[in-house]
Amino acid sequence: MDEKIFLLASYSGRIAGSPDAFEEAKNKLIILNSGQMIPRLESALSQMKEGQEIEIPLAPREAFGERDPSLIRIVPESVFMGQNIRPVPGQVLTLNDAYAKIKTVSSGRVMADFNHPLSGECLTYSLKLEKILSQKKEKIEALARDMGMDAEATEDGEKISLKVKNAPKVKSYKEAKQVLEAVMKGFFPEIKTIEFSE
C-alpha cells in the first residue's frame, strides 16, 4: 500500500480556453495515494516543493474520460415520478445513485445523459503546493478542519484529545465527530482512543 502523504494545496480547474473556473480551493487538505484527485494531478503534487506553482493541461482521457454515447439513455418518466422527481430539460439530478443531466422530456420518455458533466473536455488545472504536513498533530487538525471543525489536537500515546473551538457552529456536530473518528482511525490505526471536548 502506498504511503498516504498529507498536504495543503490551492488549485483551480477550468475548461481549456475558458477563463472561468469550475472548481477552486485554497489550502485544501489533499491526501495523496487515497484516490482523492485525478491521478495526473496527484502525480504532479507528489513531485512539487512547498510554494511551487504549476499549470497542468489534461486531455479528456486523463481527466473525466471521453463522452460515451451509450450513457445517453431513454428512461420512462414514471421512474422519475416514482422518486418524486419531475424531470426538466437541463436539470442535473441523481437517479439510482448516478448523476444524470436531463436532455429532453417528451411523451412520457426522458432522455438522460449519465456521462460526467466534464467528460470529453480538455481541462487546465493550476496547482500550488502550500505545505506538506509531516506531524500527526497537524494532519489530525487538518482532517478536523476539512470537516468544518476548528480543533486543537493533543497526543498522548494511543490517545488523541481534540478541543473543538467552534462546536456549536459545526453542522450535524454529533455525526461529524463520528465520521472524523472513523477517518482518523483509518489513517492512524495506532490511535485507540479519541476524546472530544468543546
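The structure we're discussing is the one just above.
Criteria and cut-off values
Residues numbered from 1 in each chain as written. Predicted model: local features only at pLDDT ≥ 70, side-chain atom pairs only at ≥ 80, totals over all residues. Heavy atoms only, no water. Helix = DSSP H or I, 4+ residues; strand = E, 2+ residues; numbered from the N terminus. Rg over C-alpha atoms; globule rule 2.2 N^0.38 Å. Buried < 20%, exposed > 50% of the residue type's maximum accessible area, 1.4 Å probe, protein only. Contact = heavy atoms within 4.5 Å. Pairing = 2+ DSSP bridges. Phe/Tyr/Trp six-rings, centres within 6.5 Å; stacked < 30°, edge-to-face > 60°. Axes fitted to C-alpha atoms, helices over the stretch in contact; angles between N-to-C directions.

Draft legend 1. How the structure looks around the overall build of the protein chain. Looking only at helices and strands, the protein chain features four helices and eleven strands. On C-alpha atoms alone, the protein chain measures out to a radius of gyration of 21 Å, which is more than a quarter above the 16 Å that the 2.2 N^0.38 rule sets for 198 residues. Across its three principal axes, the protein chain shows a C-alpha extent of roughly 65 × 40 × 30 Å. Burial status across the protein chain gives 37% buried among its 198 residues. Long-range contacts, defined as pairs at least 24 residues apart, comprise 56% of the intrachain contacts of the protein chain with a sequence gap of at least 6.

Draft legend 2. Examining the pairing of strand 9 (residues 151-156) more closely. Bridge analysis of strand 9 against strand 10 (residues 159-164) gives six bridges, and the strand direction is antiparallel. Looking across to strand 10, one finds that Glu155 is bridged to Ile160. Between strand 9 and strand 10, which follow one another and run antiparallel, lie two residues, and Gly157 among them has a positive phi close to 65°.

Draft legend 3. View of the packing of aromatic side chains. Following the criterion strictly, the structure yields three aromatic pairs and no others. An angle of 90° between the planes, with centres 6.0 Å apart, marks the rings of Phe22 and Tyr125 as edge-to-face. Placement of Phe22 in strand 2 (residues 21-32) and of Tyr125 in strand 8 (residues 123-133) is noted, with a sequence separation of 103 residues between them. The partly exposed category is assigned to Phe22, whose relative accessible area is 34%. Through successive ring pairs, a cluster of aromatic residues spans Phe6, Phe187 and Phe188.

Draft legend 4. Local environment of the sheet that holds strand 1 (residues 5-15). Taken together, four strands build an open sheet; the order of strands is 2-1-8-3 and the sheet is antiparallel. On the outer flanks of this sheet lie strand 2 and strand 3 (53-58), each paired with one strand and no other. Taking each pair of neighbouring strands and ignoring which way they run, the sheet shows an average axis angle of 25°. The pairing of strand 1 with strand 8 spans ten bridges and is classified as antiparallel. Within strand 8, the position partnered with Ser12 by the bridge is Ser126. On the sheet, helix 1 (residues 39-47) packs against strand 1, strand 2, strand 3 and strand 8 and is oriented at approximately 155° with respect to strand 3.

Draft legend 5. Inspection of the sheet that holds strand 4 (residues 72-76) at higher detail. The sheet built from four strands is open, its strands ordered 4-7-6-5 with antiparallel pairing. Taken across any chain shown, the strands that pair with only one partner, and hence form the sheet edges, are strand 4 and strand 5 (92-95). In this sheet, neighbouring strand axes are inclined to one another by 45° on average, regardless of whether the strands run parallel or antiparallel. Bridge analysis of strand 6 (residues 98-106) against strand 7 (residues 109-113) gives five bridges, and the strand direction is antiparallel. Note that in strand 7 the partner of Thr104 across the bridge is Met111.

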